[in-house]
Amino acid sequence: MDVNLAAPAYVFGRGDAREQHRLLAAAHDPLTLPRLAETGVDSGWRCLDVGTGGGTVAAWLATQVGPAGSVLATDLSPTSDTVLRHDITRDPLPDGHFDLIVARLVLRHLPERAEVLARLVAALAPGGWLQIDETDTTYQPCLDAPDRHAFALYQRFIAARDAVMERAGVDAGYGRRVARAMRSAGLVDLDPVSGVEVWGPGSPGLALLAHTTVRLRDGLVAVGMTDRQLAEVRELFEQPGFRASSSVYYSVRGRRAS
Ligand SMILES: C[S@@+](CC[C@H](N)C(=O)[O-])C[C@H]1O[C@@H](n2cnc3c(N)ncnc32)[C@H](O)[C@@H]1O
């Protein structure tokens, strides 16, 4: 009997990621960048952005640290030649080196997230900051829809999305577990913040969800959705009265003791 012991592949690992990365930046940079600024990141700092995606966080960090500092942006699948191809589950990192490490929406995808967190902590310089920004997508209800059919369609889509994620080894509720995980990994001065917002047509959050119907199309069809239903989901997100709550967003900072 063949037994596949390999970890599941990254759920968004196929196809062109650039539009998804653009939408992620639009939805999340307004939350992530002010939190990073609170660390006091400044000229000369050495920074690491793990799983950088479109690289907007790394680019912002570069403006803060200037030529005296450095920003290493890594990704399993770089979309730019300024990004180092690097698998955070296995490729080496320097010990005790970085003043600031950021990982946004990466660890939820990695079944090895506890080991990866330990590696990130070891890569921090004494006194260095780790910021992990994550979501808890187990909370993401529809707030208002034109009729019962539309409400049920939204719920069906979210359930299908969750099934695809679970099959890929994603921890959908990781956001709520980050602060405890960071404390267990030895960090101090933990400072979690969380929030939700309401999404309507034209919001970056709904645009990202609409894009998910395309990006994860094969997986969503494999768990029972039809292309017609996916098209209806996209149409629903453009209805003026449609409103959904975002998932719960968490941004957690912790420091390696000096
Ligand atoms: C959901 S995207 C988030 C991108 C970016 N951090 C952001 O928030 O805009 C997850 C990113 O993690 C990368 N990734 C997945 N597995 C990885 C691994 N094992 N090592 C490094 N990067 C990984 C993906 O290629 C993708 O760019």
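How each quantity is defined
Residues numbered from 1 in each chain as written. Predicted model: local features only at pLDDT ≥ 70, side-chain atom pairs only at ≥ 80, totals over all residues. Heavy atoms only, no water. Helix = DSSP H or I, 4+ residues; strand = E, 2+ residues; numbered from the N terminus. Expected span 1.5 Å × (residues − 1). Buried < 20%, exposed > 50% of the residue type's maximum accessible area, 1.4 Å probe, protein only. Arc of directions from axis to C-beta. Contact = heavy atoms within 4.5 Å. Polar contact = N/O pair within 3.5 Å; in protein donor to acceptor, adjacent residues only side chain to side chain. Pairing = 2+ DSSP bridges. Near = heavy atom within 4 Å. Areas by Shrake-Rupley, 256 points an atom, 1.4 Å probe, with all protein chains shown as cover. Axes fitted to C-alpha atoms, helices over the stretch in contact; angles between N-to-C directions. Parallel < 35°, antiparallel > 145°, perpendicular 65-115°, else oblique. Left-handed = near helix turned anticlockwise from the far one by under 90°. Nonpolar A, V, L, I, M, F, W, Y, C, P; charged D, E, K, R; others polar.

Colleague: Where do I start with helix H4 (residues 148-167) in this structure?
Modeller: If you check H4, its first and last C-alpha atoms are 29 Å apart, about what 20 residues at 1.5 Å a residue would give, namely 28 Å. Turning to H4, its buried residues are Ala150, Leu153, Tyr154, Phe157, Ile158, Ala160, Arg161, Val164 and Met165. Along H4, the residues classed as buried sweep out an arc of 160° about the axis, all on the same side. The outward face of H4, more than 90 degrees from its buried face, is lined by the exposed residues Arg148, His149, Glu166 and Arg167. Buried positions along H4 lie against strand S6 (142-144), helix H6 (204-215), helix H7 (217-222), helix H8 (227-236) and strand S9 (243-245). If you check the start of H4, you find a side-chain oxygen 3.2 Å away from the backbone N of His149, and it comes from Asp147.

Colleague: What am I meant to see in the sheet that holds S6 here?
Modeller: Paired through backbone hydrogen bonds, the strands of a sheet run either parallel or antiparallel to each other. Taken together, three strands build an open sheet; the order of strands is S6-S9-S8 and the sheet is antiparallel. If you trace the sheet from one side to the other, it starts and ends with S6 and strand S8 (198-199), each paired once. In the sheet, S8 pairs with S9 via two bridges, with the strands oriented antiparallel. Bridging from a neighbouring strand, Trp199 pairs with Ala244 of S9.

Colleague: In this structure, what is going on with the side chain of Arg108? I would like to understand it.
Modeller: By secondary structure assignment, the location of Arg108 is in the loop between strand S4 (98-104) and helix H3 (113-123). A relative accessible area of 7% places Arg108 in the buried class.

Colleague: I tried to follow the environment of Met165 on my own but got confused; where do I start?
Modeller: Here Met165 shows up in helix H4. Measuring from C-alpha to C-alpha, the distance between Met165 and Glu134 comes to 15 Å, with 31 residues separating the pair along the chain. Those residues in contact with Met165 that lie beyond four places of it in its chain are Val11, Phe12, Val170 and Leu216.

Colleague: I keep staring at the site of the ligand and nothing clicks. Help me out?
Modeller: Neighbouring the ligand are 17 residues, the closest being Gly51, Asp75, Asp87, Ile88 and Arg104. Within the side chain of His21, one N or O atom sits 3.5 Å away from an oxygen atom of the ligand. Between the ligand and Asp75 there is a distance of 2.5 Å, counted from an oxygen atom to a side-chain nitrogen or oxygen. Contact with the protein chains removes 96% of the 590 Å² of surface that the ligand exposes when unbound.

Colleague: How should the packing of helix H1 (residues 18-37) against H6 be read in this particular structure?
Modeller: Two packed helices can be described by the angle between their axes and the distance between those axes. Taken N-terminus to C-terminus, the directions of H1 and H6 make an angle of 160°; their axes are 9 Å apart at the nearest point. One element, H1, and the other, H6, form an angle in the roughly antiparallel class. Between H1 and H6 the crossing geometry is left-handed. Facing H1, whose interface residues are Glu19, Gln20, Leu23, Leu24, Ala26, Ala27 and His28, H6 presents Pro204, Gly205, Ala207, Leu208, His211 and Arg215. By residue class, the composition of the contact of H1 with H6 is seven nonpolar, four polar and two charged.

Function-wise, these values are silent; they only describe arrangement.
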